[in-house]
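Working through the structure, step by step
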Amino acid sequence: MNGTNPLALSGRVILITGGAQGIGEATARLCAERGAIVVIADVLREQGERTVSSIREASGSASFFYTDVRQPDQVSRLMDHIRDAHGRLDTMICAAGVLRGAWQQPEELTLEEFSLTMDVNVKGLFLCAKYATPLLVETGRGVVVIVASGAGVAGPSSSLAYSSSKGGANGFAMTLAARLGDRGVRVNVICPGNIVTELKLSVDIAAAKRQGESVEAAIKNAHQNYGLPMGVARIIAFMTSDEAEYLRGNVYTR
Ligand SMILES: NC(=O)c1ccc[n+]([C@@H]2O[C@H](COP(=O)([O-])OP(=O)(O)OC[C@H]3O[C@@H](n4cnc5c(N)ncnc54)[C@H](O)[C@@H]3O)[C@@H](O)[C@H]2O)c1
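Everything in this summary refers to the structure shown in the same document. (Residues numbered from 1 in each chain as written. Predicted model: local features only at pLDDT ≥ 70, side-chain atom pairs only at ≥ 80, totals over all residues.)

**Describing the overall build of the protein chain**
- Summing up its helical and strand segments, the protein chain has eight helices and seven strands in all.
- Whereas a compact globule of 254 residues would reach a radius of gyration of roughly 18 Å, the protein chain reaches 18 Å, a difference of no more than 12%.
- For the protein chain, the spread of C-alpha atoms along the three principal axes comes to 55 × 35 × 35 Å.
- Relative to its 254 residues, the protein chain shows a buried fraction of 45%.
- Excluding contacts between residues fewer than 6 apart, the proportion of contacts in the protein chain whose partners are at least 24 apart in sequence is 71%. (Helix = DSSP H or I, 4+ residues; strand = E, 2+ residues; numbered from the N terminus. Rg over C-alpha atoms; globule rule 2.2 N^0.38 Å. Buried ≥ 20, exposed ≤ 12 C-beta atoms within 10 Å, placed from the backbone. Contact = placed C-beta atoms within 7 Å.)

Put into structure tokens, the structure is as follows:
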């Protein structure tokens, strides 16, 4: 793709939290293929570095910056690093997420698992938005894509903690869009359906174990019936492009 193609992302600096694996990784690969300068922020250092190497082998531009999105000092340092290394931030894709406590009854779910889920999926979003906003406003046409879910919004979930957090993520994004819209930053949400990733497989493995069923069969079923991360990545890449300038609110996928 060349610079005149509205789907091209040539020269855009794109931060992807949770970009080491899964939906974030597929998005990092595709954005880099379309010309973006990708920064992956994740807690999985080895996996993140592997993703970066393979993007570079395909002639893409990518780097890894260790960041736990729950930690204000780490998120703040990430944004300082982006300013120092690239001078700008055009797009932030928030894909970092966890799902804990699948299929547990309220009395089984621990406060630690509940809090961890809320911290990564909600507090992490707040911290990323808090420290990225000055950079995103400066570019004049910043974009934020929040990877939320229909869980806790369009229906229930396998996990009380997860649906609480994704309900929170959707609510956060609605208000963030209102706050930043007047400052030239577009905020959209994507709600993927069932996509075969580590996160989703852990849910199905937990269900199989709980019901005394075969874990192998659960994994096989997920691979046969669920969508692929790249399917969601194609939509996210579109959402970050100029072609999506008029897009508002949430997008739901299979
Ligand atoms: N897979 C699905 O079916 C599905 C459906 C709806 C929404 N989602 C959402 O999509 C997003 C991506 O999930 P995925 O399915 O690709 O799962 P995944 O487990 O493959 O990827 C999640 C990534 O987030 C990173 N991460 C976790 N905690 C972090 C932290 N504290 N700081 C920084 N990074 C952290 C992980 O290391 C991992 O790289 C999540 O927000 C998830 O809730 C997934």
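Next comes the rest of the account.
**A word on the sheet that holds strand β4 (residues 91-94)**
- In space, the seven strands of this open sheet follow the order β3-β2-β1-β4-β5-β6-β7, with parallel pairing throughout. Edge positions in the sheet fall to β3 (61-66) and β7 (249-252), since each of these pairs with one other strand and no more. Averaged over all adjacent pairs, the angle separating strand axes in this sheet is 20°, with direction ignored.
- Bridging between β4 and strand β5 (residues 142-147) involves four bridges; their strand directions are parallel. Along β5, the bridge assignment pairs Thr-91 with Val-143.
- Helix-sheet contacts for helix α5 (residues 160-181) involve β5 and β6 (185-191), and the interaxial angle to β6 is about 160°. (Pairing = 2+ DSSP bridges. Axes fitted to C-alpha atoms, helices over the stretch in contact; angles between N-to-C directions.)

**A word on the nonpolar core**
- Within the largest apolar cluster, 72 residues are counted, with the highest numbers of intra-cluster contacts made by Ile-14, Val-38, Ile-40, Cys-128 and Ile-146.
- The greatest single-element share of this core, amounting to ten residues, is contributed by helix α4 (residues 111-138).
- Ignoring anything within four residues of it in the chain, the contact list for Val-38 reads Ile-14, Ile-16, Ala-28, Cys-31, Ala-32, Ile-55, Ser-61 and Ala-62. (Core = buried A, V, L, I, M, F, W, Y, C linked by C-beta atoms within 7 Å.)

**Notes on the environment of Asp-80**
- When you line up the elements, Asp-80 lands in helix α3 (residues 72-86).
- You can call Asp-80 exposed: it has 12 C-beta atoms within 10 Å.
- Along the backbone, Asp-80 and Ala-132 are 52 residues apart, and their C-alpha atoms lie at a distance of 9.4 Å.

**A short note on the site of the ligand**
- In the vicinity of the ligand, 29 residues are found, and the nearest of them are Gly-18, Gly-22, Gly-97, Thr-197 and Leu-199.
- At the level of secondary structure, the elements contributing two or more residues to the shell around the ligand comprise α1 (22-33), α4 and α6 (198-210). (Near = placed C-beta within 6 Å.)

**Description of helix α2 (residues 45-57)**
- Helix length check: α2, at 13 residues, gives a terminal C-alpha distance of 18 Å against a target of 18 Å (1.5 Å per residue), a fit within 8%.
- Among all positions in α2, only Gly-48, Thr-51, Val-52 and Ile-55 are buried. Buried residues along α2 cover an arc of 100° about the axis, so they all sit on one side. Of the exposed residues in α2, the ones pointing more than 90 degrees away from its buried face are Glu-46, Ser-53 and Glu-57.
- Packing partners of the buried residues in α2 comprise α1, β2 (37-42) and β3.
- Ser-59, located one to two residues past α2, shows a positive phi value of around 70°. (Expected span 1.5 Å × (residues − 1). Arc of directions from axis to C-beta.)

**Points about the pairing of β6**
- Where burial is concerned, most of β6 is hidden: six out of the seven residues are buried.
- In terms of strand pairing, β5 meets β6 through six bridges, oriented parallel. Residue pairing in the sheet places Gly-142 in a bridge with Val-185 of β6.
- Once the chain exits β5 it traverses α5 before rejoining the sheet at β6, and the crossover so formed is right-handed.
- Across four bridges, β6 lies against β7 in parallel orientation. Looking across to β7, one finds that Asn-188 is bridged to Gly-249. (Right-handed = clockwise from strand over helix to strand, strands pointing away.)

**Description of unusual backbone geometry**
- Phi is positive for Ser-59, close to 70°, though the residue is something other than glycine.
- For Ser-59, the location among the structural elements is in the loop between α2 and β3.
- When the 8 C-beta atoms within 10 Å are taken as the criterion, Ser-59 is described as exposed.

**Section: the packing of α3 against α4**
- For the pair α3 and α4, the least separation of the axes is 9 Å and the interaxial angle reads 25°. Judged by the inter-axis angle, α3 sits roughly parallel to α4. The way α3 lies across α4 gives a crossing that is right-handed. Within the contact between the two elements, α3 uses Pro-72, Val-75, Ser-76, Met-79, Ile-82 and Arg-83 and α4 uses Leu-127, Cys-128, Tyr-131, Ala-132 and Leu-135.
- Class assignment of the residues belonging to the contact of α3 with α4 gives a composition of nine nonpolar, one polar and one charged. (Parallel < 35°, antiparallel > 145°, perpendicular 65-115°, else oblique. Left-handed = near helix turned anticlockwise from the far one by under 90°. Nonpolar A, V, L, I, M, F, W, Y, C, P; charged D, E, K, R; others polar.)

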